[in-house]
Amino acid sequence: MKIAINTGGGDAPGLNAVIRAATKAALNRGWEVLGLRNGYASLYTDKPATRLTPDSVRGITMQGGTILGAANRGNPFEFPVLQADGSYTYEDRSDVVVSKLAELGVEAVVAIGGDGSMHLAHRLSEKGLKIVGVPKTIDNDLVGCDTTLGFDTACTIATEAIDRITTTAESHQRAMIVEVMGRYAGWIALHAGLASSADVILIPEIPFTLESVFKKLEQLKKQGKEHAVIVVAEGAQLKEGGHFIKGKQVGQAELLGGAAAFLEKEIMSQTGQETRSVILGHQQRGGRPSTYDRLISLRFGAEAIRAIEEGDFNKLVVMKENQLRRIPIADVAGKFKTVPTDSDTIMTARDLGICLGD
Ligand code: F6P
């Protein structure tokens, strides 16, 4: 048996642990393992893949990033081709992926990725490719699973950062706004915000009003608390507006500089409270994985190989109610798991008096 491993989309702490576990479990069965460089991109080049050996995966469990490289333009169905005038046209190169893998003798692919990668995996499986998926995204927004690899580490990094920001907020009697990742779902904001005792947590699932934030700041002042910590997901949504994504409020041409900058400006100008904002950004994706992420990643990697051995293809290996399970990739492709607004975590935030913006 010859298999290939692909790391799709943005990186996340734990990817290397999956690569190591899947490679070792496969090699121990006498299989051959190829690693695709920078997503499926290497398949369009004359160096289509790299052979993974015990040496190439030694000591990587604790390393951040992916030793295989991540794809920046990794969609083979819309492969960007640079034109002479600097613009791009998009070609469907999915047949190249399928035929090149067949040419290499690859019988199955372990595809590690988030919603975008699972959507691709599903479309490639419809073209005959045998795939087993592994759920990866710091955003934790993949449906069908309790948690994705990278999420725990991202929350830990965000919590530590907010803790530090809290002590400086207190010293200067400021409102500090911390923007965390999460384009469509507020998992990181909610979990890290709760863990670091934030005063306000704003997530895409609960559209917020500025009035509710101002009211909370006022209330804190009345209680003698001169500082405040506001955690906001990058995709937080104003009740009257749209999502904040990559600095733009959807539906408006005006560049607002993202959720944190918007809130900073509004709080300063409308309440007079001294305010600063911080965007945590990609540090939430970098560096060493937590113990939990290492462990689930190793378990996912080994389980993916067991699925291939059993011929259980086009499945996503997931953690559900603390058990490893396999669910059809077709069931998760193109969907997002948002925070249920009636979850106990949301209720806990409310019970603790945290303002959720509504
Ligand atoms: O999907 C994970 C994520 O970290 C998002 O929260 C974020 O918006 C995005 O990736 C940023 O990715 P990049 O800058 O690599 O395009």
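- The protein chain carries the name ATP-dependent 6-phosphofructokinase in an unreviewed UniProt entry, which gives Cyclonatronum proteinivorum as its organism.
- We quote the UniProt Pathway (unreviewed entry) comment for the protein chain here in full: "Carbohydrate degradation; glycolysis; D-glyceraldehyde 3-phosphate and glycerone phosphate from D-glucose: step 3/4."

## Observations concerning the site of the ligand
Piece 1. If you check the shell around the ligand, you find nine residues, and the closest are Asp139, Met181, Glu234, His282 and Arg285.
Piece 2. Gly182 places a polar main-chain atom, nitrogen or oxygen, 3.3 Å from an oxygen atom of the ligand.
Piece 3. In this structure, an oxygen atom belonging to the ligand sits 2.7 Å away from a side-chain N or O atom of Glu234.
Piece 4. Here the ligand has 400 Å² of accessible area as a free molecule, and 73% of this is covered by the chains.
Piece 5. Broken down by class, the residue content of the shell around the ligand amounts to two nonpolar, two polar and five charged.

## Here we look at the pairing of strand 14 (residues 315–320)
If a strand is regular, its side chains alternate between the two faces of the sheet.
Piece 1. Sheet analysis places strand 7 (residues 131–135) next to strand 14, joined by two bridges and oriented parallel. If you follow Gly133 over to strand 14, its bridge partner there is Leu316.
Piece 2. Where strand 14 and strand 15 (residues 323–328) come together, six bridges link them in antiparallel fashion. Within strand 15, the position partnered with Leu316 by the bridge is Ile327.
Piece 3. Taking the residues between adjacent antiparallel strands as the criterion, strand 14 and strand 15 are bridged by two residues, where Glu321 takes a positive phi near 50°.

## Topic: unusual backbone geometry
Piece 1. Phi at Ser197 takes a positive value of approximately 55°, unusual for a residue other than glycine.
Piece 2. The residue Ser197 is located in the loop between helix 5 (187–195) and strand 9 (200–202) in this model.
Piece 3. Since its relative accessible area comes to 56%, Ser197 is described here as exposed.
Piece 4. Within the chain, Asn314 stands out as a residue other than glycine whose phi angle is a positive 60°.
Piece 5. Among the residues examined, Asn314 registers a relative accessible area of 28% and is labelled partly exposed.

Here is what the cut-offs are and how they apply
Residues numbered from 1 in each chain as written. Predicted model: local features only at pLDDT ≥ 70, side-chain atom pairs only at ≥ 80, totals over all residues. Heavy atoms only, no water. UniProt positions renumbered as here; feature names shortened; annotations may be inferred. Near = heavy atom within 4 Å. Polar contact = N/O pair within 3.5 Å; in protein donor to acceptor, adjacent residues only side chain to side chain. Areas by Shrake-Rupley, 256 points an atom, 1.4 Å probe, with all protein chains shown as cover. Nonpolar A, V, L, I, M, F, W, Y, C, P; charged D, E, K, R; others polar. Pairing = 2+ DSSP bridges. Helix = DSSP H or I, 4+ residues; strand = E, 2+ residues; numbered from the N terminus. Buried < 20%, exposed > 50% of the residue type's maximum accessible area, 1.4 Å probe, protein only.

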